[in-house]
Amino acid sequence: MLTYAIKRVGLAIVILFTVMFAMYALVFLVPGDPASLALGPRATPALKAELIARMGLDRPVPVQVWNFFASALHGNLGYDVWSRRPVAAQILEVFPNTLFLGAMALGWAAALGVALGCLAVVWRGTLIDRLLGILSVSMIAVPPFVIALYALAVFAVWLGWLPAIGAGTPGDPVSQFRAVLLPAFAIGITWVGYLARLVRASMLEVMGANHIRTARAFGLSEARIVGRYALRVAIIPTIAVLAVGFGSILSSAVFVETVFSRPGIGMLIVSAVAKRNYPVVMGTVLFMTAFYLLVVTAADLLIARLDPRVRDAFRG
Amino acid sequence: MPSAVDTGTAAAPAHRTRGALARLARDGLGLTGAILVAAFILVALLAPWIAPADPLRLDVANKLQGISLAHWAGTDQLGRDTLSRLIWGARMALGISLSATGLAGAIGLVLGMIAGYGPRWLDGLMVLCFDSVSSLPVIMFALAVITVTGPGVATLILVIVTVSIPGYARLIRAQTLTMRNADFIVAERTMGASTARILLRHMLPNVVGPLVIVLSMDVPVVIMLEAGLSYLNLGVRPPQPSWGNMLYDGYTSLRQQPLLVIASGLPLVLATVGFTFLGEGLRDALDPRLRVASR
């Protein structure tokens, strides 16, 4: 287990470094220098010189790369071109909002998706199973930001039941909960479909296993077999997908936060891209990649702990 | 995960294709998808002839109209005919998604075969690169590139191609690895065939099958990505019509005229659902083994 853990964490660190290097290289690959890129048409020579000095762009490239890596490892992700605020502080300020949104979305999606998957297994081969299958595929196919826009049009603008913008008043859980409902609904719906399908597929595999046959021989009810004995084994692949799913949820958050003007990582990065505020973009991308790698690696380790076959597969 | 390799691909392709098409036609889901996709492609191809009006013609006096005989889907905030813009938007979505997935598939195919057939060190290096790219959340990578290059159709295609290559390359690599020591490849090598000949004439036909299915399943994802980035005003630039930037126009005028958002979302949903259904149907019809393997 320890060998596996070291290998897996080592791989994550190597990938993170590769990504950091690529991020930094990106800025130098394009024509034009980073300073005029960030300042855009407003660049005057004086402004440019000041920015170059402030960001250390006048130093040799290897020194710059070294500084970038060293400060990133110390938690310093650079400074906003315009407001000069530290990027890390801006990220930490809005990240809880995005995390809350992601957790809510994944939470309701996991609950409903696993339930629908179990129902499909209980009624496997029937019309209900078929209809649930079509429903799952449709949920996967519809773009989350279109759902967000339709939900906004119906529930916020037309019916006026829920707030159309923002993340609720800080310190007021009720208003925060009301504000997260529509975005979480929009992001989660894809995952209801994915999880229902995944749980159904892995459950059907498990249903042929010996311990299920034994349970059946003891005369346990089908619902009890599915809910208690099959689900426990079938849930393992779901954990892996949930971890990867977190990455795609963060991606959907970029659109959905924009639709609901909800402060978060998505809003932060989109407005920074529009202003070509590239230290904010690079810092946010780096932060999100590191976070994503952390989640995926943790999930892999958890799965290896639950399922010894995975550890062996990694060796081979 | 490397799956068993189908050596029957080259044996009777015509027969297989006919059987697969018949299976697809019997499958209600796949057939629905095929009809939606066919309609989408027809609309995209015939856009100049079937669009009732010029998608770029302004008519500010008639802005944000509802449904009428003159404007079947209303008009946008500049009085442009929504239906015509949707029809031209289909062309944009189809062009970008097909060219991006096609290009990514071709590059992925080449890189995957090199990684799977080449020396071990090269394989390790390439897999590390693939894993690094695919460990970036797609949107984050897209936003990073757009910051540097600026938005536009070319950037959009570049981003989509870059993030899609690793998945395709890994698939082809896995297929190639399971094939490289197959008897007929070993025989070919013993007879002194060049690496290029082995890869192009013997490896390619045997590894390309699953890629086609995966590509068809990725088209809706790319359509979503194009619309999403255009919605953020980071993809197709206005005034060129794209379903994404039309959704944004609708979003900004949602309180005055909800029709624009609703009308712009509908073709996007139909296209992505159609392609997804078709992809599912194709996968089941062509290669039932993938049904288990991909889940």
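Basis of the calculations
- Residues numbered from 1 in each chain as written.
- Chains lettered and ligands numbered in written order.
- Predicted model: local features only at pLDDT ≥ 70, side-chain atom pairs only at ≥ 80, totals over all residues.
- Heavy atoms only, no water.
- Helix = DSSP H or I, 4+ residues; strand = E, 2+ residues; numbered from the N terminus.
- Buried < 20%, exposed > 50% of the residue type's maximum accessible area, 1.4 Å probe, protein only.
- Areas by Shrake-Rupley, 256 points an atom, 1.4 Å probe, with all protein chains shown as cover.
- Phe/Tyr/Trp six-rings, centres within 6.5 Å; stacked < 30°, edge-to-face > 60°.
- Axes fitted to C-alpha atoms, helices over the stretch in contact; angles between N-to-C directions.
- Parallel < 35°, antiparallel > 145°, perpendicular 65-115°, else oblique.
- Left-handed = near helix turned anticlockwise from the far one by under 90°.
- Contact = heavy atoms within 4.5 Å.
- Nonpolar A, V, L, I, M, F, W, Y, C, P; charged D, E, K, R; others polar.
- pLDDT = per-residue confidence, 0-100.
- Polar contact = N/O pair within 3.5 Å; in protein donor to acceptor, adjacent residues only side chain to side chain.

**Points about the overall build of chain A**
- Summing up its helical and strand segments, chain A has 13 helices and 0 strands in all.
- Each helix (α) and strand (β) of chain A, taken in turn from the N terminus, gives the series α-α-α-α-α-α-α-α-α-α-α-α-α.
- Here the C-alpha coordinates of chain A stretch approximately 85 × 55 × 35 Å along the principal axes.
- Every one of the 316 residues in chain A was classed for burial, and the buried ones make up 47%.
- Here chain A has roughly 14,700 Å² of accessible surface; of this, 71% comes from carbon and sulfur atoms.

**Focus: the packing of aromatic side chains**
- Within this structure, the stated rule accounts for 12 aromatic pairs over all chains.
- Joined through ring pairs, the aromatic side chains of Phe145 and Phe255 of chain A together with Tyr231, Tyr248 and Tyr251 of chain B make up one cluster.

**Notes on unusual backbone geometry**
- The linkage connecting Pro238 of chain B with the following residue, Pro239 of chain B, adopts the cis geometry, with an omega of 10 degrees.
- Along the polypeptide, Pro239 of chain B turns up in the loop between helix H8 (195-231) and helix H9 (243-252).
- Located in the positive-phi region is Ser261 of chain A, a residue other than glycine, with phi close to 45 degrees.
- In this fold, Ser261 of chain A is placed in the loop between helix H10 (222-259) and helix H11 (265-274).

**Remarks on the packing of helix H5 (residues 87-122) of chain A against helix H12 (residues 278-306) of chain A**
Residues and elements named next belong to chain A.
- Where H5 meets H12, the axes come as close as 10 Å, and the angle between the chain directions of the two elements is 50 degrees. What the angle tells us is that H5 and H12 run oblique. In the crossing of H5 with H12, the sense of the turn from one axis to the other is right-handed. Counted together, Val87, Ile91, Phe95 and Leu99 of H5 and Pro279, Val280, Gly283, Thr284, Phe287, Met288 and Phe291 of H12 form the full contact between these two elements.
- In terms of residue class, the contact of H5 with H12 is built from 9 nonpolar, 2 polar and no charged.

**Re the confidence of the model for chain A**
- When pLDDT is averaged along chain A, the result is 81; 91% of the residues meet or exceed 70.
- When pLDDT is averaged over each element of chain A, H5 of chain A comes out on top at 89 and helix H13 (residues 308-315) of chain A at the bottom at 59.

**Regarding the side chain of Asp129 of chain A**
All names here are of chain A.
- Along the chain, Asp129 turns up in helix H6 (residues 127-141).
- Classification of Asp129 by relative accessible area gives buried; the value is 7%.
- There is a polar contact of 3.0 Å between the side chain of Asp129 and the backbone nitrogen of Gly125.
- In contact with Asp129, not counting residues within four places along its chain, are Ala120, Trp123, Arg124 and Arg200.

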